Amino acid sequence: MSVAHAPRWPLGVALLGATGSIGSQALDVIDRFPDRFRVVGLLSGRRLPNRTARYTVRASDPDAGARVREMVTDPECDLVLVAVPGACALEPTLAALDAGKRLAIATKEVLVMAGEVVMRRAGPGAIRPVDSEHSAIWQCLWGEAPESVARLILTATGGPLLRHPGRDWRTVTVEQALRHPTWSMGPKVTVDSATLMNKGLEMIEAHHLFGLPLDRIEVVIHPQSVIHSMVQFVDGAAKAQLSHPDMRLPIALALSYPERLPGVVPPTEFARVGELELEPLDRERFPSVDLAREAARRGGGYPAVLNAANEEAVAAFLERRSGFADILPLVRSALDGFRPERADPPPGVAEPELAAILAADAYARQHVRERLGKVEE
Ligand SMILES: NC(=O)c1ccc[n+]([C@@H]2O[C@H](COP(=O)([O-])OP(=O)(O)OC[C@H]3O[C@@H](n4cnc5c(N)ncnc54)[C@H](OP(=O)(O)O)[C@@H]3O)[C@@H](O)[C@H]2O)c1
């Protein structure tokens, strides 16, 4: 990825997901550097942050879709931070890319379901990663030739259940699944960290962002969340990016690239960090990374099915309509039941590939809802 445009300061930023974990930390960064950034637009779900901006939109507003499109394509907007969880971020992401905006993407779901469509529409350097792992890899790749890269190594904390005794997930409560040891994040991504589906989604995200085949992307467990990810090169050398687990660092870098802003987070005192552990992923206990790899290998609508089934199953768990142990079987069942030919759009549809992805997404949601409906009856 290279720089798309010379930045003009202060950069006009639209925040999608302005009240969330990423959105509020982005507002912290923006407030600390008023000569660098100004907020032009805010989108959230039910609540709005206590801020004024040229655009303030709530998802429930009757004209929300049109107003968000206006916000992300406004000439005053230079960069869009995409941080609403899930597939609902796809439409504004595509609108912003089509308008030639730079994007800082936290919402991995967008790249999982429609990575090829999104990357094709993005100009060189238009997309900057916010996910800490992808930001780390991005930083490790600066100045390196693509042919020098051997593999990407995504680190995973292992989530709230890494040391959970036994293998029976049926007793896991919402409270246990939301107790992340190192990161404070929104509920959906925290549950994804507990199943490790988050790492599966991140693997697909990395595949699209950095253009490496899936078999050159690995996952290792690193409970301390200090090494945010690594790149191994063909000569055997490896580079890693290290810092305290604080999302303001990757957020600031995605906003200010190619500049590094001073003092975004306190420097790491390495003599006090203590032990940094790295261990292999227990694929039997946490099969979600393999499930994601399988969906990505099958391609087409399968990653969209994986993503949408997971979103629905996680939402049902968070609303206590189903159990933690049901999440991955529901995703598995949606993948097994998917018939890609049924997602083929009729001839004459403007964007057949996107239409097929949206059909796959709709199929998976319906599949999970029906399965849950049967269970609830
Ligand atoms: N948090 C992290 O540290 C982290 C790290 C890496 C990647 N990510 C990714 O970043 C994304 C956001 O995560 P998060 O943890 O910031 O989530 P979060 O704390 O749950 O916040 C979600 C934000 O999106 C808004 N929202 C929810 N549904 C919406 C809809 N249908 N339309 C418009 N806005 C909607 C929410 O508004 P209300 O407050 O009004 O509900 C809130 O502002 C996720 O895709 C996640 O995987 C997060």
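See above for the structure.
Quick notes on the rules
- Residues numbered from 1 in each chain as written.
- Predicted model: local features only at pLDDT ≥ 70, side-chain atom pairs only at ≥ 80, totals over all residues.
- Heavy atoms only, no water.
- Helix = DSSP H or I, 4+ residues; strand = E, 2+ residues; numbered from the N terminus.
- Contact = heavy atoms within 4.5 Å.
- Buried < 20%, exposed > 50% of the residue type's maximum accessible area, 1.4 Å probe, protein only.
- Pairing = 2+ DSSP bridges.
- Phe/Tyr/Trp six-rings, centres within 6.5 Å; stacked < 30°, edge-to-face > 60°.
- Lys NZ or Arg CZ within 6 Å of the ring centre and 35° of its normal.
- Salt bridge = Lys/Arg side-chain N within 4 Å of Asp/Glu carboxyl O.

## Quick look at the side chain of Asp-361
1) Next: By the element assignment, Asp-361 lies in helix H14 (residues 352–376).
2) Next: Those residues in contact with Asp-361 that lie beyond four places of it in its chain are Ala-87, Met-113, Ala-304 and Ala-308.

## Focus on the pairing of strand E7 (residues 149–156)
1) Next: Here E7 lies mainly inside the structure; 6 of its 8 residues are buried.
2) Next: The sheet contact formed by E7 and strand E9 (residues 227–233) spans 5 bridges and is antiparallel. For Val-149, the partnering residue across the bridge sits in E9 and is Phe-233.

## A look at the packing of aromatic side chains
1) Next: Counting across every chain of the model gives 9 aromatic pairs.
2) Next: Here the aromatic rings of Phe-317 and Phe-324 are separated by 5.5 Å at their centres, their planes lie at 70 degrees, and the arrangement is edge-to-face. Neither residue differs from the other here; Phe-317 and Phe-324 are each classed as buried.
3) Next: A centroid spacing of 5.4 Å and a plane angle of 35 degrees characterise the contact between Phe-338 and Tyr-363, whose relative ring orientation is tilted. Taken together, the residues Phe-338 in the loop between helix H13 (327–337) and H14 and Tyr-363 in helix H14 connect sequence positions 25 residues apart.
4) Next: Taking relative accessible area as the criterion, Phe-338 reaches 2% and is therefore assigned buried.
5) Next: Joined through ring pairs, the aromatic side chains of Trp-169, Phe-286, Phe-317 and Phe-324 make up one cluster.
6) Next: The ring centre of Trp-9 lies 4.3 Å from the NZ or CZ of Arg-36, which sits over that ring.

## Comments concerning the pattern of salt bridges
1) Next: Per the stated rule, a full pass over the model turns up 31 salt bridges.
2) Next: Note that Asp-168 is salt-bridged to Arg-170, the shortest N-O span being 3.1 Å.
3) Next: Look at Arg-170 and you get exposed, because its relative accessible area is 67%.
4) Next: Between Arg-365 and Glu-311 there is a salt bridge; the shortest N-O distance is 3.2 Å. With Arg-365 in helix H14 and Glu-311 in helix H12 (residues 302–318), the pair connects residues that are 54 residues apart, well separated along the chain.
5) Next: In the salt-bridge network here, residues are joined through shared partners; they are Lys-108, Asp-131, Glu-133, Lys-199 and Glu-202.

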